[in-house]
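# Architecture and fold: a report
Residue strings, one per chain:
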Amino acid sequence: MSHAHLTETSGPLQGTVIAAQANYYRVQLNHPQVPGQLLCLRRGRLKKQGQQVFVGDQVLIAEPDWGAMRAVIDAVLPRTSALTRPAIANVDQILLVFALQDPEPDPWQISRFLVTAEASGLEITVVLSKADLVKPEIHQAWITRLSSWGYRTTVVSVLGDGGIDSLLTHLKHQLSVICGPSGVGKSSLIQRLIPGQEIRIGAVSEHWHKGKHTTRHVELFRLPGGGLLADTPGFNQPDLPILASELGGCFPEIRGRLAHQACQFHNCQHLSEPDCAVRGAWERYEHYQIYHQELTARATISMPTATLSQKQTQRLSQLSRKAQRRHQHQGSQAIWLDDLDD
Ligand SMILES: Nc1nc2c(ncn2[C@@H]2O[C@H](COP(=O)(O)OP(=O)(O)OP(=O)(O)O)[C@@H](O)[C@H]2O)c(=O)[nH]1
Ligand SMILES: [Mg+2]
Ligand SMILES: [Zn+2]
């Protein structure tokens, strides 16, 4: 089908935003017959309305210039979901990647990523990478441990074939986002899944020790069997974007317990209340307690300070610092969100 024919017969052109950088968006047209991508600006009107354009957005395109492969984004279609960190629209599932070695898995960090991913309400798939670096007994120990947390886990290595096919099947027809700490092999895994795709990979020596991030922008890649996969920059300590009262819903262990038995109080926080169905000797209960403390301290601090005495304020910032120290990791939050839109 020729480009001219396409514009005459098919009404407004619809496409998927594949990448965003500064004011430019790369848009892949949804017509399978049309190869290549258009470099687009956002209409001034959308900018005035504060309508942001995210990677993953379905957009309508106008004024195509087929010679220069440029066009204008005329409208953003309604989103089925929107993640803000990273900023991606219409995501179906989150692929969380952790390395079995280099860097060594940290249960607190894994748990923080899991809770943050749960807060999105999207389906979660856990992948343990760099299987070639550790013995199979260690794979099995982590699979068992994560299974007791409520997650099914796929073990992969970019040097072998194990797990790769089942992962591709799992990602088919979906828009998935790959998230995880820096240096765990997210970009390498995408390259393994999509032969021929050029992706920036970090050198092993210059990695997590320095908190260096190799992937800097969000970008969607087309998987060979269908589906889109977004690479994201690794960051080491996600934010827990929830209220303390929502925390319980982000633990499969708690959802499971409450499905069988109710707490005495309907608004039980599962801390020291009597007849609590959740409190107990399960592994991540301690994570729940510490995150709860952190979220409570954060919520109170963001109240207008005039309502607190100086002594109370001091005590609260002490508490919050303590909570932060409990799971301090080098590396910073993703700051690259700012360059996605103006
Ligand atoms: N032995 C081994 N090394 C791997 C494997 N996967 C990735 N690596 C190495 O781990 C390092 C980091 O890989 P990347 O793919 O850049 O990691 P990333 O998660 O994308 O890192 P950021 O973009 O910084 O978040 C590179 O040196 C890779 O070669 C694997 O399966 N086995
Ligand atoms: Mg990367
Ligand atoms: Zn309870």
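Residues numbered from 1 in each chain as written. Chains lettered and ligands numbered in written order. Predicted model: local features only at pLDDT ≥ 70, side-chain atom pairs only at ≥ 80, totals over all residues.

### What about the overall build of the chain?
Applied cut-off: Secondary structure elements are taken from DSSP: a helix is a run of H or I of four residues or more, a strand is a run of E of two residues or more, and numbering for both begins at the N terminus. Here a residue counts as buried when 20 or more other C-beta atoms sit within 10 Å of its C-beta, as exposed when there are 12 or fewer, and as partly exposed otherwise, the C-beta atoms being derived from the backbone. Contact between two residues is assigned when their C-beta atoms, built from the backbone, lie within 7 Å.
On a plain count of helices and strands, the chain comes out with 9 helices and 13 strands. Counting across all 342 residues of the chain, residues that qualify as buried make up 32%. For the chain, the proportion of contacts with a sequence separation of at least 24, taken over those separated by at least 6, is 66%.

### Quick word on the pairing of strand S5 (residues 70-76)
Defined as follows: In this scheme, strands are said to pair when DSSP sees at least two bridges between them.
Where strand S3 (residues 37-42) and S5 come together, 4 bridges link them in parallel fashion. Note on S5: the bridge partner recorded for cysteine 40 is alanine 71. Counting the residues that bridge the hairpin from strand S4 (residues 58-65) to S5 gives 4 residues, and of these methionine 69 lies at a positive phi of roughly 55 degrees.

### Considerations on the nonpolar core
Here is the rule: Residues of type Ala, Val, Leu, Ile, Met, Phe, Trp, Tyr and Cys that are buried and joined through C-beta atoms within 7 Å form what is called a nonpolar core.
With 63 residues, the main nonpolar core has Val17, Val27, Val55, Ile88, Leu96, Val177 and Leu229 as its most contacted residues. Once residues within four sequence positions are removed from consideration, valine 27 is found in contact with Gly15, Thr16, Val17, Ile18, Gln37, Leu38, Cys40, Val59 and Ile61.

### Concerning the confidence of the model for the chain
The test is simple: pLDDT measures the predictor's confidence residue by residue and takes values from 0 up to 100.
Confidence in the prediction for the chain averages 84 pLDDT; 79% of positions are at 70 or higher. Counting contacts from residues 203-212, a segment whose pLDDT is below 50, to residues more than four positions away or on other chains yields 13 contacts. A low-confidence stretch, residues 326-342 (pLDDT under 50), is modelled with 35 contacts involving residues beyond four sequence positions or located in other chains.

### Remarks on helix H6 (residues 186-193)
With respect to burial, H6 is a largely interior element, 7 of its 8 residues being buried. Tucked inside the fold, the buried residues of H6 contact strand S8 (93-99), strand S9 (123-129), helix H5 (164-171), strand S11 (175-179), strand S12 (219-222) and strand S13 (228-231).

### Some thoughts on the environment of leucine 41
Within the element layout of this structure, leucine 41 appears in strand S3. Spatially, the C-alpha atoms of leucine 41 and arginine 26 are 9.0 Å apart, while their sequence positions differ by 15 residues. Contacts of leucine 41, omitting those with residues within four sequence positions, involve Asn23, Tyr24 and Val72.

### Some thoughts on the pairing of strand S1 (residues 13-21)
Bridge analysis of S1 against S4 gives 4 bridges, and the strand direction is antiparallel. The partner of threonine 16 across the bridge, within S4, is glutamine 58. Where S1 and strand S2 (residues 24-29) come together, 6 bridges link them in antiparallel fashion. The residue bridging threonine 16 from the neighbouring strand is glutamine 28, located in S2. Hairpin connection between S1 and S2: a loop of 2 residues separates the two successive antiparallel strands, and alanine 22 in this loop has a positive phi of roughly 50 degrees.

### Quick notes on the environment of glutamine 37
With respect to the helices and strands, the residue glutamine 37 is situated in strand S3. Considered as a pair, glutamine 37 and threonine 16 are 21 residues apart in the sequence and their alpha carbons are 9.6 Å apart. Once you skip the residues sitting within four places of it in the chain, glutamine 37 turns out to touch Ile18, Arg26, Val27 and Gln28.

### Thoughts on unusual backbone geometry
Each neighbour pair has its own omega, and for aspartate 102 with proline 103 the value is 0 degrees, a cis peptide bond. Relative to the elements of secondary structure, proline 103 occurs in the loop between S8 and helix H3 (107-119). Despite not being glycine, methionine 69 shows a phi value in the positive range, around 55 degrees. With respect to the helices, strands and loops of the structure, methionine 69 is situated in the loop between S4 and S5. Here methionine 69 falls in the partly exposed class, since 14 other C-beta atoms lie within 10 Å of it. One non-glycine residue, lysine 130, adopts positive backbone phi at about 60 degrees.

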